[in-house]
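Spelled out from the first residue to the last, the chains are:
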Amino acid sequence: MKNNNDQYFEILLEPYELQEIFLDFISCNIQPCIEEVQTPYHLDGYHCDLSSFDFMRFFPQEEQKYSQFIIRTLKDPNLILDELVEYAGLLSSRLDMKVDFGFGYRVCQNKDWIEAYKQSVLPVCVGGFYIRPSWHPKSQNMDLKDLMIDPALAFGSGHHATTSMCLELLEEMDLEKKRLLDVGCGSGILSIAATMLGANVEICDTDSLAIEESLKNFKLNHQPSPISWVGSIALAQNTYDVIVANILASILGMLKGDFDRKLRENGTLILSGILEEYKEEILRRFADYEVVKILAKGEWIALKLVKLK
């Protein structure tokens, strides 16, 4: 499909599994301008080239129940679809599970779409934090802590339920001089918030781009750069009073042993990124921890646990 200077493409994406992994892949390899749809789009108005893919394969659900995202791009959507199909096939093979997604696109009249994207990312209040991209002004409410996150190449701007629940759990704690590790730091939003609350923070992520973006956001917020590394918690050199991990439920379960080794006795473990259907499985996996609090937003669950021994 050819594009001209008067048009751009708006792609609707609906990951059915491994949402954050899909988003990381897209932002790193396809297009950094991606936003979550707050009001679900309907299929009406989307134009799909049925000769290039089976449209019904990608929207098998009778009603929308997964998070949807919009990608605005000048790239040919058919080429993007090919990349996503190949990536989904790779994930399916490696994880021995079916990985699929919904996809549709429409042609829009061109405008300053980068600017339109920026204006679509609105500030959000989570507890005592006013989270905003750097191009929006500070809140007039002086009681709110100003936290700037530019949502670009790393996932996490405070809008998603998994992130906001972690922020709520962190804010209610006394973090002054506590040693905290953010596992899978993404944009750095949780570790920056913890730093503002007085914690001594370290961050890690298996994606080097996430570390780069986190450090940029620490600087953007005039916070000291934390100890950081590319990799997971197994590479940590310290033990911690608090560990926060906002990642997939399957990975949380795999990291249980590392959490046990790196979290101090009576330390707090905050887990998020857990779909409701995996809640009981995670609670069983962490049965030797005390459950202090369970938060739920939509289909997502966050847990606040304490290590007993």
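Overview of the structure. Since we're looking at a predicted model, the values are computed, not measured.

### Structural notes on the pairing of strand E13 (residues 289-297)
Link 1 in the chain: Strand direction decides the pairing type here: E13 and strand E14 (residues 300-307), joined by eight bridges, are antiparallel. For Ile294, the partnering residue across the bridge sits in E14 and is Leu303.
Link 2 in the chain: The turn joining E13 and E14, which pair antiparallel and follow one another in sequence, is formed by two residues; a positive phi near 60 degrees is taken by Gly298.

### Some remarks on the sheet that holds strand E8 (residues 179-183)
Link 1 in the chain: In spatial order, the strands read E10-E9-E8-E11-E12-E14-E13; together these seven strands make up an open sheet with mixed pairing. Strands with a single pairing partner mark the edges of an open sheet, and in this sheet they are strand E10 (227-230) and E13. Between one strand axis and the next, the sheet turns by 15 degrees as a mean value, whatever way the strands run.
Link 2 in the chain: Examined bridge by bridge, strand E12 (residues 263-275) and E14 share six bridges and lie antiparallel to one another. Within the sheet, the bridge partner assigned to Thr268 lies in E14 and is Val306.
Link 3 in the chain: The strands touched by helix H4 (residues 161-171) within the sheet are E8, strand E11 (240-246), E12, E13 and E14, with E13 carrying the most contacts at an inclination of about 130 degrees.

### What about helix H6 (residues 208-220)?
Link 1 in the chain: For H6, which comprises 13 residues, the first-to-last C-alpha distance of 18 Å matches the rise-based estimate of 18 Å (1.5 Å per residue) to within 8%.
Link 2 in the chain: Those residues of H6 that sit buried are Leu209, Ala210, Ile211, Glu213, Ser214, Asn217 and Phe218.
Link 3 in the chain: Between the side-chain oxygen at the start of H6 and the backbone nitrogen of Leu209 there is a gap of 2.9 Å, and the oxygen is on Asp207.
Link 4 in the chain: Backbone geometry just after H6 places His222 at a positive phi near 60 degrees.

### Considerations on the packing of H4 against helix H5 (residues 189-196)
Link 1 in the chain: Running from amino to carboxyl end, H4 crosses H5 at an angle of 15 degrees, the nearest separation of the two axes being 10 Å. Relative to H5, the element H4 is oriented roughly parallel. Regarding H4 and H5, the two cross each other, and that crossing is right-handed. Contacts between H4 and H5 involve Thr163, Cys166, Leu167 and Leu170 on the former and, on the latter, Ile189, Leu190 and Ala193.

### Quick look at the sheet that holds strand E6 (residues 129-132)
Link 1 in the chain: Across the sheet, which stays open at both edges, the three strands sit in the order E5-E6-E7 with mixed pairing between neighbours. Either end of the sheet is taken by a strand with one partner, and the two such strands are strand E5 (124-126) and strand E7 (145-148). Going across the sheet, the axis of each strand differs from the next one's by a mean of 30 degrees, ignoring polarity.
Link 2 in the chain: Sitting on the sheet, H4 touches E5 and E6, and the angle it makes with E5 is about 40 degrees.
Link 3 in the chain: Against the sheet, H5 engages E6 and E7, with an angle of about 150 degrees to E7.

### Digging into H5
Link 1 in the chain: By the criterion of burial, H5 is predominantly enclosed, with seven of the eight residues buried.
Link 2 in the chain: Of the residues making up H5, those classed as buried are Ile189, Leu190, Ser191, Ile192, Ala193, Ala194 and Thr195.

### Describing the layout of surface pockets
Link 1 in the chain: Space inside the largest pocket adds up to approximately 640 Å³.
Link 2 in the chain: Taken together, 24 residues line the largest pocket, and the ones lying closest to its centre are Glu17, Leu18, Leu248, Leu275 and Tyr278.
Link 3 in the chain: Only helix H1 (19-29), helix H7 (249-254) and E12 provide two or more residues apiece to the lining of the largest pocket.
Link 4 in the chain: A per-class count over the lining of the largest pocket returns 13 nonpolar, four polar and seven charged.

### Here's the deal with the packing of aromatic side chains
Link 1 in the chain: A full pass over the atoms with the stated rule returns two aromatic pairs.
Link 2 in the chain: Consider the rings of Phe259 and Phe286, whose centres lie 6.2 Å apart with planes at 40 degrees: the pair is tilted. Taken as a pair, Phe259 in helix H8 (residues 256-262) and Phe286 in the loop between helix H9 (279-285) and E13 lie far apart in primary sequence, 27 residues in all.
Link 3 in the chain: The exposure class of Phe259 is buried, given its relative accessible area of 0%.
Link 4 in the chain: The class for Phe286 is buried, based on a relative accessible area of 1%.

What counts, and at which threshold
Residues numbered from 1 in each chain as written. Predicted model: local features only at pLDDT ≥ 70, side-chain atom pairs only at ≥ 80, totals over all residues. Heavy atoms only, no water. Pairing = 2+ DSSP bridges. Helix = DSSP H or I, 4+ residues; strand = E, 2+ residues; numbered from the N terminus. Axes fitted to C-alpha atoms, helices over the stretch in contact; angles between N-to-C directions. Contact = heavy atoms within 4.5 Å. Expected span 1.5 Å × (residues − 1). Buried < 20%, exposed > 50% of the residue type's maximum accessible area, 1.4 Å probe, protein only. Polar contact = N/O pair within 3.5 Å; in protein donor to acceptor, adjacent residues only side chain to side chain. Parallel < 35°, antiparallel > 145°, perpendicular 65-115°, else oblique. Left-handed = near helix turned anticlockwise from the far one by under 90°. 1 Å grid on protein atoms, 1.4 Å probe; cavity = no way out; pocket = protein on both sides within 12 Å on 5 of 7 lines; lining within 4 Å. Points joined across faces, edges and corners; volume = space filled by probe spheres on them. Nonpolar A, V, L, I, M, F, W, Y, C, P; charged D, E, K, R; others polar. Phe/Tyr/Trp six-rings, centres within 6.5 Å; stacked < 30°, edge-to-face > 60°.

By themselves these figures say nothing about function.
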